[in-house]
Each structure stands twice: as C-alpha cells, then as structure tokens.
Amino acid sequence: MSTVVSAKSDRFEVGDRTFTSRLIIGTGKYRTYDEMKAAHRASGAEMVTVAVRRVPLDRSAESFLDHLDPAMQLLPNTAGCYTAEEAIRTARLAREALQTDLIKLEVIGDQTTLFPDNEQTLEAARVLVQEGFTVLPYFTDDLIMAKKLLDVGCPAVMPLAAPIGSGLGIQNPANLRIMREQLPEATIIVDAGVGTASDAAIAMELGADAVLMNTAIAEAQDAAKMAQAMKLAIEAGRFAYLAGRMSKRLYASASSPLTGVVR
C-alpha cells in the first residue's frame, strides 16, 4: 500500500546538513528589503545564497545581510569570479567572515552569457574540497563534468537550466534526465534559468533534488506571491517524481476498463 509523503518528512541533505525545503532562495534584485523578507517567508526556504563580492562582510554599511532571518542557512557564492584563483580567494573570505564552510562555487567564463567555465570550476572545487569546504558547484548541464565534480568530493552538483537570470526555463530536459538516471545517488540542484512555477515543477519532475532561484521571484510583480507559487510547485514536482508518471502513449486509452461492459 502506498504511503502519502508530506513535505516535512521528505528531507533534503547537503553534506551533513538536512533541510525540509527543497527551494534555495537568493537575495539580489529585490526592490526593497521588506519585499525580500516577505518573499523569503512565503517561500518556506531554509537556505539563502549571498554574493560575497557584492556585500560588505564587515557590516560597515547596511546590506541584505542585516535583513535575513537568522534561522536560514547562509550559502555564500563566488558570483563575479572569472578564474579559479579568484573564486578560491573569495570562498576563503566568505568562510572567515560568515563562519560557514558551505560555498556555492561559480567561475564565469563569458561576460555576455554568464556561462560557467567548467574547467576553472573543477580546478577551484578540487582545492576547496581539500581545504574542508562543502562545495556546491554551478556548471553547464554536462554529465561528464558532473561526474568529475562529484569525484573530487563535491557533495552536490548544480547544473544550469538556462542562462542566469534569463527566465527561459528548462532548456535541455534530456540532459537533466540523463544526469539523474546516470547519477542516481548524487544530489542534483538545478540552478539558473527558472522563470515561473511550472519551470520549477518540471525541474523536480525530472528528478532534481532541489532548485535554486533568485530572479524569477525578485523580479515578479508580486515577489511574495511568486515565492509561494515556487514553494508549491517544487513540492508538487517532487511528489510527482516520487509517484512515477504514467507512460506516454501515441493513441488513446480508455479510462474505464472494457471488461464487463454491457453490449
């Protein structure tokens, strides 16, 4: 007999940390701090990513750090870094200032598309894992690179769905599905490109363990309402994945059985 799963019992692990929410939220692009706080509350997220290079870590000036729920797990990121060396230095700064070994590793390779430089990302990941960081690397949706990042000790991988901030949704669903099938034990967090709730649901239906998003919520006309929509979409997509969807058929199939039909 099937057991109905609740969102709170379906836990999500990153390294040695456990979460009940599979939505990771950001801090950029909000119009006001109050709007950001309302969206964070509505999202139910327990982890929030912060750009280390875009905030005064010494708290010398007001920033979104002063408006975050202290119960949320900080996930510093190395956004804005273009070399492995730069990302490693930024990660070390984040660990010292924010007192966490978690780091979302971003090494950008192109200023126009903001696509990641996979080789530099792998190089930085190798060093940071050896230094005791819990590294969550952002990279293109490439199965081979995912395997390499996991092999060097990353506890999770973060393939993009589409270019950062584009809102285009899942552009290569086959790649994500293959990654899930080939890496059944890996923690896969879809990052970048989600635009609306249906995109988040699709990511989860493809087998992602979680979704990280920022722009889709922050730039919505009603950020808090979109955050709630994302929360529900991720839960629905996760449960649909666990349920196992029906097979697709080319032709119709009657909903009611024909056995016993009066003729």
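Scroll up to find the structure.
Nothing here was measured: the structure is a model prediction, and the numbers come from that model.

(A) Molecular detail of the overall build of the protein chain. In terms of regular secondary structure, the protein chain is built from eight helices and ten strands. A compact globule built from 263 residues should have a C-alpha radius of gyration of about 18 Å, and the protein chain, at 20 Å, falls within 12% of that. Taken over the C-alpha atoms alone, the protein chain extends approximately 80 × 40 × 35 Å along its principal axes. The buried share of the protein chain, taken over its 263 residues, is 48%. Look at the contacts in the protein chain between residues 6 or more apart in sequence, and 64% of them connect residues 24 or more apart.

(B) Spotlight on the nonpolar core. In this structure, Tyr30, Val190, Val211, Met213, Ile217 and Met230 are the most contacted members of the largest nonpolar core, which totals 39 residues. Breaking this core down by element, the ones donating at least two residues are strand 3 (23-25), helix 1 (33-43), strand 4 (47-51), helix 6 (197-205), strand 10 (210-213), helix 7 (215-218) and helix 8 (223-243). Residue contributions to this core peak at six residues, all from helix 8. For Met213, the residues in contact, after removing those within four places along its chain, are Leu23, Ile24, Ile25, Gly26, Val194, Ala200, Met230 and Ile234. Counting residues in hydrophobic clusters, the runner-up holds 28 residues, among them Ala84, Ala94, Val135 and Phe139.

(C) Spotlight on the side chain of Asp10. Looking at where Asp10 falls in the secondary structure, it is placed in the segment before strand 1 (12-14). Note on Asp10: relative accessible area 10%, which makes it buried. At 3.1 Å, the side chain of Asp10 forms a polar contact with the side chain of Arg22. At a separation of 2.8 Å, a polar atom in the side chain of Asp10 contacts the side chain of Arg238.

(D) Geometry of the side chain of Lys104. Among the secondary structure elements, Lys104 is positioned in strand 6 (residues 102-105). Here Glu106 takes part through its side chain, which lies 2.9 Å from a polar atom of the side chain of Lys104. If we ignore the near neighbours within four places in the chain, the residues touching Lys104 are Thr49, Leu75, Pro76, Asn77, Thr78, Leu136, Tyr138, Met158, Asp191 and Leu212.

(E) Looking closely at the pattern of salt bridges. The final tally for this structure, using the stated rule, is twelve salt bridges. A salt bridge links Glu131 to Arg92, with the shortest nitrogen-to-oxygen separation between them at 2.5 Å. Of the two residues, Glu131 is situated in the loop between helix 3 (118-130) and strand 7 (134-139) and Arg92 in helix 2 (residues 84-98); the sequence distance between them amounts to 39 residues. We classify Arg92 as partly exposed; its relative accessible area is 40%. In this structure, Arg177 engages Glu181 in a salt bridge whose closest nitrogen and oxygen atoms are separated by 3.4 Å. Note that Arg177 and Glu181 are positioned in helix 5 (residues 173-182) at a spacing of four residues, about one turn of the helix.

(F) Just unusual backbone geometry, in detail. Of note in the backbone geometry, Gln99 takes a positive phi value of approximately 60° without being a glycine. With respect to the helices, strands and loops of the structure, Gln99 is situated in the loop between helix 2 and strand 6.

(G) Here's a closer look at the pairing of strand 6. Going residue by residue along strand 6, you find Leu102 and Lys104 tucked away on one face and Ile103 and Leu105 tucked away on the opposite face as well. In this structure, strand 6 lies alongside strand 7, joined through four bridges in parallel fashion. If you follow Lys104 over to strand 7, its bridge partner there is Leu136.

(H) Main features of the packing of helix 6 against helix 8. Interaxial distance between helix 6 and helix 8 falls to 7 Å at its minimum, and their mutual angle equals 25°. The angle between the axes of helix 6 and helix 8 places the two elements in the roughly parallel class. You can see that helix 6 and helix 8 cross each other, and the crossing is right-handed. In this structure, helix 6 uses Ala197, Ala200, Ala201, Met204 and Glu205 to contact helix 8, whose residues at the interface are Ala229, Met230, Ala233, Ile234, Gly237, Arg238, Ala240 and Tyr241.

Thresholds, definitions, all that
- Residues numbered from 1 in each chain as written.
- Predicted model: local features only at pLDDT ≥ 70, side-chain atom pairs only at ≥ 80, totals over all residues.
- Heavy atoms only, no water.
- Helix = DSSP H or I, 4+ residues; strand = E, 2+ residues; numbered from the N terminus.
- Rg over C-alpha atoms; globule rule 2.2 N^0.38 Å.
- Buried < 20%, exposed > 50% of the residue type's maximum accessible area, 1.4 Å probe, protein only.
- Contact = heavy atoms within 4.5 Å.
- Core = buried A, V, L, I, M, F, W, Y, C linked by side-chain atoms within 4.5 Å.
- Polar contact = N/O pair within 3.5 Å; in protein donor to acceptor, adjacent residues only side chain to side chain.
- Salt bridge = Lys/Arg side-chain N within 4 Å of Asp/Glu carboxyl O.
- Pairing = 2+ DSSP bridges.
- Axes fitted to C-alpha atoms, helices over the stretch in contact; angles between N-to-C directions.
- Parallel < 35°, antiparallel > 145°, perpendicular 65-115°, else oblique.
- Left-handed = near helix turned anticlockwise from the far one by under 90°.

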